[in-house]
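One-letter residues, chain by chain:
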Amino acid sequence: MNVGAFTFESPSVRVIFGPGKVTSVAEQTDLLGAKKIFLIAARNATGATHVEQALGQLLVGRWYDVAQHVPVELVDRAWAAVEQCGADCIVTVGGGSATGLAKAVVRNYPVPLIAVPTTYAGSEMTSIYGLTDGDRKLTNRDPRAKPAVVVYDPELTTGLAPAVTGPSAFNALAHCVAALGSPAANPVTTALALEAVKWIRECLPNAIGEPSDLPARTGLQLGAFLAGTALATAGTGLNHRICHVLGGMLNLSHADTHSVVLPHIVALNAPALPEQMGRLAQALGHAAGDPAEQLWDLAVRCGVATDLRRLGARPEDLRAAAERIAVDPNPRAVTRADIEELLTRALSGERPHIVTRPTSQLPSSDSNLQKG
Ligand code: NAD
């Protein structure tokens, strides 16, 4: 194993973690000196009522209209409401859609953001924001979008249905796989990603089998936190680019597309990442073997979608989608035809597996040299 030179940016967010910790939100707004707080919450997010009551008179506005992929017109409306109230702090309670809306608002209206995430999206740990204009989803980074405080309270996630829990956990796993193969990977992001995979693999089946299993929910949220922290430095990869195009073009659920596409991405890129894939298989609980198959099997065991057709994609959508997906950077050089082939397999729900080829036959791309 070689350790190369690397840059690691220490995260500047305060993280409060533990069952019942939603009660610390009022104290955190106080520490920030906030006097006019605006709440953005998913309509069904457990914990929003508690935050409303705890903030009392300090709450100057509430917003429950959130949507996947964060449409720009929604951001404009929410921003206007926040501005009209003269808010000096935003608190979010909900999944990546609620967090993402608030992140997009504070880019334009820079006040501190406190995120109380109730899914496993990991967005709360990053300065990455996504916006959808028409059928195009764009992502970028902006330090103003990063929350100042994140409060993880696993008790708020016990009401998450298995149909949300499983795909959301796969969204976190996708952050881990992207971090392992990222050009910006370093020993810290690799350690975070592998530890996150262990927690998610261990806890996901229990949380699906018994949604109120608090230790399983706590482990899953720890995994999401670690995965989001890896994502913040290592960034996203081909898996995310595919899911963002499918989300923007076809309005497919973000987390569900991850669960379908992830095993296929692992199969595609594994030949260029032999060491990382060996460690991924171990983190997935296997001494060795094919992590693409292992992820696919975990998805099946947890009742998570393994085909794009089930999510609403049609064969005629694939060519146009493949046209829009940027092939670079990626650990292996790939062509549009490779992407279309991958999407075709993902559409039909084929169980993927790694096809090993001699290294001399593997195309590589200079922009994808592994640094960690
Ligand atoms: P989501 O926020 O839409 O939540 C999924 C579902 O769970 C919704 O129906 C929501 O109402 C429900 N829900 C949330 N909290 C709940 C609770 N406590 N109890 C019961 N139900 C609850 O989906 P998501 O997958 O969390 O987030 C997807 C969005 O996040 C996408 O737009 C994606 O692009 C973005 N995202 C961004 C980043 C980033 O770093 N910027 C990372 C990951 C995801």
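Throughout what follows, the structure given in this document is the object of discussion. Fair warning: this is a prediction, and the values are worked out from it, not measured in the lab.

**So, the overall build of the chain**
Across its full length, the chain carries 14 helices and eight strands. Here the chain has a C-alpha radius of gyration of 20 Å; the compact-globule value for 372 residues is 21 Å, and the two agree. Projected onto the principal axes, the alpha-carbon positions of the chain cover approximately 65 × 40 × 40 Å. Looking at the 372 residues of the chain, the share that counts as buried comes to 56%. Contacts spanning at least 24 positions in sequence make up 75% of the contacts within the chain whose residues lie at least 6 apart. Distance from the positive charge centre (31 side chains) to the negative charge centre (34 side chains) of the chain: 2 Å.

**Structural notes on the packing of helix 5 (residues 162–180) against helix 6 (residues 187–209)**
In helix packing, the relevant descriptors are the interaxial angle and the interaxial distance, both defined with respect to the helix axes. Running from N to C, helix 5 and helix 6 cross one another at 160°; their axes reach a closest spacing of 9 Å. For the element pair helix 5 / helix 6, the angle class is roughly antiparallel. For the pair helix 5 and helix 6, the sense of crossing is left-handed. Taking contact as the criterion, the partners of Pro 162, Thr 165, Gly 166, Ala 169, Phe 170, Ala 172, Leu 173, Cys 176, Ala 179 and Leu 180 in helix 5 are, on helix 6, Thr 189, Thr 190, Ala 193, Leu 194, Ala 196, Val 197, Ile 200, Leu 204, Ala 207 and Ile 208. Taken together, the residues of the contact of helix 5 with helix 6 sort by class into 16 nonpolar, four polar and no charged.

**Structural notes on the pattern of salt bridges**
Taken as a whole and judged by the stated rule, the model has 14 salt bridges. Among the ionic pairs, Glu 73 bridges to Arg 77, the shortest N-O distance being 3.1 Å. You can see Glu 73 and its partner Arg 77 sitting in helix 3 (residues 72–85), four residues apart, about one turn around the helix. We classify Glu 73 as partly exposed; its relative accessible area is 44%. Of the charged contacts in the structure, one is a salt bridge between Arg 351 and Glu 293, with a shortest N-O distance of 3.8 Å. Taken together, the residues Arg 351 in the segment after helix 14 (336–348) and Glu 293 in helix 11 (residues 291–301) connect sequence positions 58 residues apart. Classification of Arg 351 as partly exposed rests on a relative accessible area of 38%. The partly exposed category is assigned to Glu 293, whose relative accessible area is 24%. In the salt-bridge network here, residues are joined through shared partners; they are Asp 65, Glu 73 and Arg 77.

**Comments concerning the packing of helix 6 against helix 10 (residues 274–283)**
Following both chains from N to C, one finds helix 6 and helix 10 inclined at 30°, their axes separated by 8 Å at the closest point. Taken together, the axis directions place helix 6 and helix 10 in an arrangement best described as roughly parallel. Our pair here, helix 6 against helix 10, has a crossing hand that is right-handed. The residues of helix 10 that touch helix 6, namely those facing Thr 190, Leu 194, Val 197, Lys 198 and Arg 201, are Arg 279, Leu 280 and Ala 283.

Cut-offs and rules
Residues numbered from 1 in each chain as written. Predicted model: local features only at pLDDT ≥ 70, side-chain atom pairs only at ≥ 80, totals over all residues. Heavy atoms only, no water. Helix = DSSP H or I, 4+ residues; strand = E, 2+ residues; numbered from the N terminus. Rg over C-alpha atoms; globule rule 2.2 N^0.38 Å. Buried < 20%, exposed > 50% of the residue type's maximum accessible area, 1.4 Å probe, protein only. Contact = heavy atoms within 4.5 Å. Lys, Arg positive; Asp, Glu negative; His and termini not counted. Charge placed at Lys NZ, Arg CZ, Asp CG, Glu CD. Axes fitted to C-alpha atoms, helices over the stretch in contact; angles between N-to-C directions. Parallel < 35°, antiparallel > 145°, perpendicular 65-115°, else oblique. Left-handed = near helix turned anticlockwise from the far one by under 90°. Nonpolar A, V, L, I, M, F, W, Y, C, P; charged D, E, K, R; others polar. Salt bridge = Lys/Arg side-chain N within 4 Å of Asp/Glu carboxyl O.

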